[in-house]
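Spelled out, the chains give:
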Amino acid sequence: MHFPATRHSVVRDLGSVDPAVRTAAYDGLVRSYWRPVYLYIRLRWRRGEQDAQDLTQEFFARAFEREYLERYDPAKARFRTFVRTCLDRFLANHDQAAARLKRGGDFVITALDFGQADAEIATRAPDEQADPERWFHREWIRGLFGEAVETLRIRAAAAGHARAFALFHRYDIDEDGGERPTYAALAREYGMPVTGVTNELAWARRAFREIVLERLRRICATDGEFRAEARDLLGVDPP
Amino acid sequence: MTLSDEAIARLRRLDDRPDFSGTRYELLDEIGRGGMGIVFRARDRELDRDVAVKVTAWHTASDAERLRREARTLASLEHAGIVPVHDVGRLPDGRVFLVMSLVRGTRLDAHAPARERADALRLFDRICDSVAFAHECGVIHGDLTPANIMVGRFGEVRILDWGLAGGSEAGGTDGYRAPEQTARQFDTRADVYALGVILGDLTGHLSPASRPLRSIAARATAADPDSRYPSVAELAADVRRCADGQAVLAHPETGLERTARLARTYRAPLVLVLTYLAVRILLLVFQRPS
């Protein structure tokens, strides 16, 4: 089974003959993958900050130039596993000095917030840092969800559901020392009935999940991979 | 935006955490989720006991209707192997919830594999008994898998996730789904198919392999429903025949197999007769006049 025509996959667009489509696909891919790639290089390959930043940029630029990722075969692995395998191969073969001089090519990477990623590493206990594969997966999820929350904020504002987003942020995202607010407390805080809170949250959560699935669909190559990722990520079988 | 690990965990697993503040139930933790819904352990404050609460995962009208149908289906079944429903209700956001007994035990797929064939077949017989009872009441499970069969400390069996009372929705789980379920037209023989797969799961690791058992599983999982056992009761009867050392319907025996089976079944009397004959022969030989 393949994606319906209306469902877009950036993974498939990586091989597009249209340079604009291909560049846009790589751009989308970098947004989803730069954090896991960077953290993986820092932790698994034990590279310093500057070195890891250069290698992250270099990996995507090289992938674009040499069409690494176009060789993805959905029958063999999930796309994120393939990216990690390409990354390992890239790092193993990397000639640092020569590569840095050649970095660039036709693909320009947008500014990436490496500082925040480094701050993340600093907050982790050494035993947590010891499993870079888990980091790769977790950061992949963090990137996906972070983008989805931002998209939800924009969509909620445009659709007149700003309060739904605010409640969603307050209940599902904010950190209050581990203690979650009750629906009743939120109802008091926002001056609305408890049923209003549940309905607003239901809207926001449904919209969030739809956005995640939409983005997931874009970064998976096949319907089977998409469904498997959706089950792993949200525990749901998408419609 | 950078989300914390805690926020990610909530967004992954608790995005559908329902609000039970207006009910007698207090949600404790999530104990499972599937295509149809999420199951929570909850406290029934009125009766001061823990229960299982199932809530639809997707808020569509058809899901809600399906869960209500599951409640009605379950409420009509009274059997030790079928989890009873205590309550059904609706949340403020429109989702339906179903309150059931909290089943204690181990999922069949996590249950320690039986060491003896007889133990595995006894367990299978209990599973068949519950399913056959439901069939007699006109209820098809439609999604029998080791994941929704619970085994208690004393080997008692409880079957969960009854939900497809009719044969018009595909349902099922990969590997256990009968071929005809894909076409959304199936009957009780879809459960025979799933049970055939489960029989293989329960006995596949046992050595030596039993050809009659393999034949039973093969017949139960035939692609054509007409080639399967016509009912779960008949499947169970053939498995019992196998357990008792009798010939099974699914496996036409060769003369050698029949002899070997009879020898295994009547091992003790056979040994006695052979011993008797051996002694008689020895006596004849040694008592022969020289």
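Predicted model, so just to flag it, every value in this text is computed and none were measured.

Okay, helix α8 (residues 267–287) of chain B next. Between its terminal C-alpha atoms α8 of chain B stretches 30 Å, which fits the 30 Å expected from 21 residues at 1.5 Å a residue. Of all the 21 residues making up α8 of chain B, zero are buried; the element is thus mostly uncovered.

Further remarks concern unusual backbone geometry. A positive phi angle, near 50 degrees, is found at R46 of chain A, a position not held by glycine. One can find R46 of chain A in the loop between α2 (19–43) and α3 (49–66). Even without a glycine there, the phi angle at D48 of chain B is positive, about 55 degrees. Locating D48 of chain B in the fold gives a position in the loop between β2 (37–44) and β3 (49–56). Taking the C-beta count within 10 Å as the criterion, D48 of chain B has 7 such neighbours and is therefore assigned exposed.

Right, let's talk about the confidence of the model for chain B for a bit. Residue and element names in this part refer to chain B. Looking at chain B as a whole, its pLDDT mean stands at 84, while 88% of the residues score no less than 70. A low-confidence stretch, residues 164–168 (pLDDT under 50), is modelled with 15 contacts involving residues beyond four sequence positions or located in other chains. Both scores are available for the predicted complex, with the pTM at 0.54 and the ipTM at 0.73.

Residue and element names in this part refer to chain B. Two elements, β2 and β3, share eight bridges in a ladder whose sense is antiparallel. Across the sheet, G37 pairs through a bridge with T56, a residue of β3. A loop of four residues connects β2 with β3, the two strands running antiparallel in sequence, and D48 in this loop sits at a positive phi of about 55 degrees. Looking at chain direction, β3 and strand β5 (residues 96–101) are connected through five bridges and run antiparallel. Note on β5: the bridge partner recorded for A52 is M100.

So, on to the environment of R49 of chain B. All names here are of chain B. With respect to the helices and strands, the residue R49 is situated in strand β3. The exposed category is assigned to R49, around which 12 C-beta atoms lie within 10 Å. Spatially, the C-alpha atoms of R49 and Y25 are 9.8 Å apart, while their sequence positions differ by 24 residues.

Residue and element names in this part refer to chain B. An order of β6-β7-β8 is seen for the three strands of this open sheet, with the pairing classed as antiparallel. The sheet terminates laterally at β6 (106–107) and β8 (157–159), the two strands that pair on one side only. As paired elements, strand β7 (residues 149–151) and β8 share three bridges and run antiparallel to each other. Bridge pairing links V151 to V157 in β8. Sitting on the sheet, helix α3 (residues 117–136) is in contact with β7 and β8, with an inclination near 40 degrees to β8.

Cut-off values and rules
- Residues numbered from 1 in each chain as written.
- Chains lettered and ligands numbered in written order.
- Predicted model: local features only at pLDDT ≥ 70, side-chain atom pairs only at ≥ 80, totals over all residues.
- Helix = DSSP H or I, 4+ residues; strand = E, 2+ residues; numbered from the N terminus.
- Expected span 1.5 Å × (residues − 1).
- Buried ≥ 20, exposed ≤ 12 C-beta atoms within 10 Å, placed from the backbone.
- pLDDT = per-residue confidence, 0-100.
- Contact = placed C-beta atoms within 7 Å.
- Pairing = 2+ DSSP bridges.
- Axes fitted to C-alpha atoms, helices over the stretch in contact; angles between N-to-C directions.

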